[in-house]
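Working through the structure, step by step
The residues making up each chain are set out below.
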Amino acid sequence: MRVKSLVLKNFRNYEQATIVPDSGVTIFAGPNAQGKTNILEALHLCCLGRSHRTARDEELIRWGSQNARVQIQTAQRDGTHEVAILLDKNQKKKKQVRIGSRPAERIGELLGHVCGVLFSPEDLSIVKDGPAERRRFLDMQLSQLRPQYFYSLQRAVRTLNQRNTLLKEIAKNPSLLPTLDMWDEQLALIGAEIARNRREAVALLSEEARKAHDSLTGGREELRLWYISQTVDAPDAAGQLLGRLRAARQEDLRRMTTTVGIHRDDIGVTINGKEARTYGSQGQQRSAVLSLKLAQLEMAARETGEAPILMLDDVMSELDPGRRRQLIERIDRVQTFVTCTDVSDLAGARQGTVYHVENGLLSV
Ligand SMILES: Nc1ncnc2c1ncn2[C@@H]1O[C@H](COP(=O)(O)OP(=O)(O)O)[C@@H](O)[C@H]1O
Ligand SMILES: [Mg+2]
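1. Description of the site of ligand 1
Of all residues adjacent to ligand 1, which total 15 residues, the nearest are Ala 33, Lys 36, Thr 37, Asn 38 and Ile 61. For ligand 1, an oxygen atom lies 3.1 Å from a polar atom in the backbone of Gln 34. Interatomic distance of 3.0 Å between a backbone N/O atom of Trp 63 and a nitrogen atom of ligand 1.

Below, the structure written as structure tokens:
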């Protein structure tokens with residue numbers, strides 16, 4: 001897939017910007033705090049309907065403005081796609097999506113029109129931090145590849161919140177106890193569906209990440225990933241999850257929260273058999289994240305049949321020459337958007353259009 005144009009209006013520090021990217025590499029260069037990451041954030045918004053760095057859409061609207069707009073046109077095998085995301089502080093619907101000229105009913109309709117992989121220095125947290133970061137990584141990837149997953153995940157979050165609220169209410173009013181059965185059944189069904197997708201994704205990612213890591217480290221390090229879950233890999237996964245929810249009921253009632261389910265999932269990550277999170281050096285953790293990102297690209301390409309776009313936010317300067325070379329090889333195969341303070345960070349990569357970024361203004 002290829003982005004043909006990106007138009008921003010009152011988005012972050014841009015009053016108005018139009019980007020016509022190169023089919024190869026488009027570079028956004030400039031000093032700190034000028035608006036480089038904001039461009040990638042706009043692209044991410046087009047991929048997933050949300051920013052990669054804030055859950056509050058309001059922050060994306062230019063200070064002093066009431067609304068913002070991001071519009072993107074892509075070329076794919078089946079033709080041209082055009083989608084727009086409108087954010088408005090004053091509207092009842094604070095976020096709206098348009099597909100072509102038609103307003104979408106759900107944000108999820110956006111998914112699939114633009115597919116991308118973003119790699120930024122903060123991604124180190126996928127390996128370094130707790131399970132929530134790894135679940136988020138997995139959920140983002142699966143959501144953009146499988147819209148059905150996105151809807152199921154939304155439903156799972158709602159169901160879990162409702163069950164947790166009910167657990168608190170039962171503590172005050174025990175006669176509500178029988179209504180818990182219905183929530184358990186729903187949570188088990190949807191949990192099993194999500195777990196099936198996650199297990200499959202981790203299997204795909206682990207194979208690709210292992211290969212990428214092997215070549216990154218010249219065969220010195222073996223990266224292993226596996227899915228950790230309370231759900232089982234069996235045709236009756238939902239039934240078994242329901243059994244576990246029932247078994248944990250007394251504990252859940254006492255703690256007034258749900259202790260069993262996919263909100264406890266994790267991805268195990270080891271390098272040469274040692275847990276990367278605890279024993280990996282900073283350099284090893286960085287390589288592991290890079291391998292994960294390269295795996296993400298492969299998985300997306302395989303599932304959609306088209307290369308996704310690649311977004312690199314300030315990562316080049318942090319990579320040593322070996323890792324940089326690996327990344328540059330991939331850059332040469334997909335449409336890439338890169339931010340950097342110094343264009344020389346990209347030495348060796350296919351050069352493309354360079355936009356200089358200064359205080360929300362772009363110049364070529
Ligand atoms: N909603 C907003 N309205 C106007 N300016 C904003 C908004 N949000 C962030 N900014 C400005 O955007 C700049 C940061 O942009 P960013 O893309 O993160 O910088 P960098 O070039 O370092 O990647 C800062 O100057 C910040 O003040
Ligand atoms: Mg930045």
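That covers the picture; the talk isn't over yet.
2. Observations regarding the packing of aromatic side chains
The final tally for this structure, using the stated rule, is two aromatic pairs. Judged by centre distance (5.4 Å) and plane angle (10°), the rings of Phe 28 and Tyr 355 are stacked. Of this pair, Phe 28 sits in strand β3 (residues 25–29) while Tyr 355 sits in strand β14 (residues 353–358), and the two are 327 residues apart along the sequence. When sorted by exposure, Phe 28 lands in the same class as Tyr 355, which is buried. Considering the side-chain rings of Phe 150 and Tyr 151, the 5.7 Å spacing of their centres and the 65° angle between planes classify their relative orientation as edge-to-face.

3. Digging into the packing of helix α3 (residues 131–145) against helix α5 (residues 180–216)
The axes of two packed helices give the description: the angle between them and the distance between them. Their axes nearest at 11 Å, the elements α3 and α5 cross at an angle of 95°. The angle between the axes of α3 and α5 places the two elements in the roughly perpendicular class. Between α3 and α5, the residues in contact are Arg 135, Phe 137, Leu 138, Asp 139 and Leu 142 and Asn 197, Arg 198, Ala 201, Val 202 and Leu 205, respectively. Looking at the contact of α3 with α5, its residues break down into six nonpolar, one polar and three charged.

4. A look at the sheet that holds strand β11 (residues 274–275)
In spatial order, the strands read β9-β10-β11; together these three strands make up an open sheet with antiparallel pairing. Both edges of this open sheet fall to β9 (223–228) and β11, since each of them pairs with a single strand only. As judged from the two bridges shared by strand β10 (residues 266–271) and β11, these two strands associate in the antiparallel manner. Bridged to Ile 271 within β11 is Lys 274.

5. Focus on the sheet that holds strand β4 (residues 67–76)
Overall, antiparallel pairing links the six strands, which are arranged β2-β1-β4-β5-β6-β7 in an open sheet. The outermost strands of the open sheet, each flanked by one partner alone, are β2 (14–19) and β7 (102–103). Taken together, the ten bridges between β4 and strand β5 (residues 79–88) define a ladder with antiparallel strand orientation. In the strand pairing of β5, Ile 72 is matched with Val 83. Running over the sheet, helix α1 (residues 36–48) touches β1 (2–11), β2, β4 and β5 and is turned about 110° from β1.

6. Regarding the state of the cysteines
According to the stated counting rule, one finds zero disulfides in the structure shown. With no disulfide of its own, Cys 47 lies 6.6 Å from the sulfur of Cys 115, the closest cysteine sulfur. Overall, the relative accessible area of 1% leaves Cys 47 in the buried class. Taking the relative accessible area as the measure of exposure, Cys 115 reaches 4% and is therefore buried.

7. Brief notes about the domain arrangement of the chain
Along its sequence, the chain is organised into domain 1 (1–115 + 307–364) and domain 2 (123–305). Its C-alpha centre places domain 1 at a distance of 27 Å from the equivalent point of domain 2. On the domain 2 side, the residues contacting the 24 residues of domain 1 number 20 residues. For the pairing of domain 1 and domain 2, the buried interface totals around 2000 Å² over both sides, and the portion due to carbon and sulfur atoms is 61%. Here domain 1 and domain 2 share one salt bridge between them. For Glu 318, the salt bridge is made with Arg 286, and the minimal N-O distance between the two is 3.4 Å. Inspection of the domain 1/domain 2 interface yields five residue pairs in polar contact (both at pLDDT 80 or more). In terms of residue count, helix α10 (residues 321–331) provides more of the side of domain 1 that touches domain 2 than any other element does, four residues in total. Of the residues contributing to the side of domain 1 that touches domain 2, the split by class is eleven nonpolar, five polar and eight charged.

8. So, helix α6 (residues 237–247)
Those residues of α6 not exposed but buried are Ala 237, Ala 238, Leu 241, Leu 242 and Leu 245. The buried residues of α6 all sit within an arc of 135° when viewed along its axis, so they share a single face. Tucked inside the fold, the buried residues of α6 contact α4 (147–172), α5 and α7 (249–255).

9. Observations regarding the layout of surface pockets
For the largest pocket, the calculated volume is near 610 Å³. The wall of the largest pocket is formed by 28 residues, among which Asp 139, Leu 153, Gln 154, Val 157 and Arg 198 lie closest to the centre. Every element with two or more residues in the lining of the largest pocket is listed here: α3, α4, α5 and α6. Here the element with the most residues in the lining of the largest pocket is α4; it accounts for seven residues. Residues that form the lining of the largest pocket fall into these classes: 15 nonpolar, seven polar and six charged. Structurally, the lining of the largest pocket is a two-domain feature, drawing no fewer than three residues from each of domain 1 (1–115 + 307–364) and domain 2 (123–305).

The rules behind each value
Residues numbered from 1 in each chain as written. Chains lettered and ligands numbered in written order. Predicted model: local features only at pLDDT ≥ 70, side-chain atom pairs only at ≥ 80, totals over all residues. Heavy atoms only, no water. Near = heavy atom within 4 Å. Polar contact = N/O pair within 3.5 Å; in protein donor to acceptor, adjacent residues only side chain to side chain. Phe/Tyr/Trp six-rings, centres within 6.5 Å; stacked < 30°, edge-to-face > 60°. Helix = DSSP H or I, 4+ residues; strand = E, 2+ residues; numbered from the N terminus. Buried < 20%, exposed > 50% of the residue type's maximum accessible area, 1.4 Å probe, protein only. Axes fitted to C-alpha atoms, helices over the stretch in contact; angles between N-to-C directions. Parallel < 35°, antiparallel > 145°, perpendicular 65-115°, else oblique. Contact = heavy atoms within 4.5 Å. Nonpolar A, V, L, I, M, F, W, Y, C, P; charged D, E, K, R; others polar. Pairing = 2+ DSSP bridges. Disulfide = S-S within 2.5 Å. Domains from an automatic or database assignment. Buried area = accessible area lost by both parts, 1.4 Å probe. Salt bridge = Lys/Arg side-chain N within 4 Å of Asp/Glu carboxyl O. Arc of directions from axis to C-beta. 1 Å grid on protein atoms, 1.4 Å probe; cavity = no way out; pocket = protein on both sides within 12 Å on 5 of 7 lines; lining within 4 Å. Points joined across faces, edges and corners; volume = space filled by probe spheres on them.

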